[in-house]
Amino acid sequence: MRLVPLALCLAACTGGGFVSVPAPGLFVDTGFRGDDDPPESVEAILQNPCAVCHSDLLAAGQLNLLVQPRENLVNERAVGNPTMFRVVPGDPDASYLVHKLRGTHLEVGGTGERMPGPGYADLQLWQIQMVEEWIRDGAPPFQ
Ligand code: HEC
């Protein structure tokens, strides 16, 4: 993970004016990954940027990926296609999540947009393949 300091200034009112205090401990993850970075985890792939819309605050598609992402996916019926489950352990092709990421969700009777949705770049193929691999392995709990 590549971290870049978040340019955040804490304004402290001191008599006549404001004093800017940099907050050195605060970082944002740019998502940029260098050669020396460890491989991205499936959990991270399913949260960035997904949790922007899929959180307890804004559970788009009635799906929360911020809290208990695995539990909210595995053997949970897909809202956008109630004939399918979001994740069927061992079977990526039967998992609605995979079709939403690949953009084949309409072909299997689903609805809505390809994820991560308008305004966001499609996931890289290797990221989708990591999700498929995780499902093929039985969708085990994240470490
Ligand atoms: C910009 C907001 C937004 C982002 C970012 C986003 N989603 Fe969604 N997602 C939605 C909305 C809205 C729906 C419901 C409509 C639809 O199915 O397109 C949805 C639906 C879904 C569904 C179907 C749920 C169901 O039961 O029918 C899945 C699976 C899903 N998203 C996964 C993801 C994943 C994984 C990511 C990140 C790679 C992601 N989404 C990023 C807005 C978003």
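Residues numbered from 1 in each chain as written. Predicted model: local features only at pLDDT ≥ 70, side-chain atom pairs only at ≥ 80, totals over all residues.

A.B. asks: Please give an account of the overall build of the chain that cites residues and values.
C.D. replies: Helices and strands together make up the secondary structure of the chain, namely three helices and four strands. In sequence order, the chain lays out its α and β elements as β-β-β-β-α-α-α. Looking at the chain as a whole, 17% of its 143 residues qualify as buried. The long-range share in the chain, meaning contacts at least 24 apart out of those at least 6 apart in sequence, stands at 41%. (Helix = DSSP H or I, 4+ residues; strand = E, 2+ residues; numbered from the N terminus. Buried ≥ 20, exposed ≤ 12 C-beta atoms within 10 Å, placed from the backbone. Contact = placed C-beta atoms within 7 Å.)

A.B. asks: Just give me the short version of unusual backbone geometry, but keep the residues and values in it.
C.D. replies: Residues apart from glycine generally show negative phi values, whereas peptide bonds are mostly found in trans. In this structure, the amide linkage connecting asparagine 48 to the following residue, proline 49, adopts the cis form with an omega of 5°. Mapped onto the secondary structure, proline 49 falls in the loop between helix H1 (42-45) and helix H2 (96-102). With omega at 15°, the peptide bond leading from methionine 115 into proline 116 counts as cis. Within the secondary structure, proline 116 sits in the loop between H2 and helix H3 (125-136). At glutamine 62, a residue that is not glycine, the phi angle is positive and equals roughly 55°.

A.B. asks: With reference to specific residues and values, describe the site of the ligand.
C.D. replies: Taken together, the neighbourhood of the ligand is formed by 24 residues, with Cys50, Cys53, Gly61, Gly80 and Gly112 sitting nearest. A breakdown of the residues in the shell around the ligand according to their chemical character gives 15 nonpolar, six polar and three charged. (Near = placed C-beta within 6 Å. Nonpolar A, V, L, I, M, F, W, Y, C, P; charged D, E, K, R; others polar.)

A.B. asks: Before we move on, can you summarise H3 with the specific residues and values?
C.D. replies: Taking 1.5 Å as the rise per residue, H3 with 12 residues should run 16 Å; its terminal C-alpha atoms sit 16 Å apart, in good agreement. Listed in full, the buried residues belonging to H3 are Val131, Trp134 and Ile135. Taken down its axis, H3 places every buried residue within 100° of arc, on the same side. Counted as exposed and oriented over 90 degrees from the buried face of H3: Leu125, Trp126 and Glu133. Summarising the contacts, the buried residues of H3 are in contact with H1 and H2. (Expected span 1.5 Å × (residues − 1). Arc of directions from axis to C-beta.)

A.B. asks: Describe the nonpolar core, and please don't skip the residues or the numbers.
C.D. replies: Ranked by internal contacts, the top residues of the largest apolar core, which has 17 residues, are Val87, Leu97, Val98, Leu101, Val131, Trp134 and Ile135. Secondary-structure elements contributing two or more residues to this core are H2 and H3. With four residues, H2 is the largest single contributor of residues to this core. In this structure, tryptophan 134 is in contact with Val42 and Ala139, ignoring residues within four places of it in sequence. (Core = buried A, V, L, I, M, F, W, Y, C linked by C-beta atoms within 7 Å.)

A.B. asks: Before we move on, can you summarise the environment of alanine 44 with the specific residues and values?
C.D. replies: The topology assignment puts alanine 44 in helix H1. For alanine 44, a count of 16 C-beta atoms within 10 Å translates into the label partly exposed.

A.B. asks: Explain the confidence of the model for the chain to me, and be specific about the residues and the numbers.
C.D. replies: In regions of low pLDDT, the predicted coordinates are not meant to be interpreted in detail. In this model, the chain carries a mean pLDDT of 83, and residues with pLDDT of at least 70 account for 73%. Put simply, strand S2 (residues 9-14) is where the chain has its lowest mean pLDDT, 35, and H2 is where it has its highest, 98. With pLDDT under 50 throughout, residues 1-28 is counted as low confidence; its partners more than four residues away or in other chains account for 31 contacts. (pLDDT = per-residue confidence, 0-100.)

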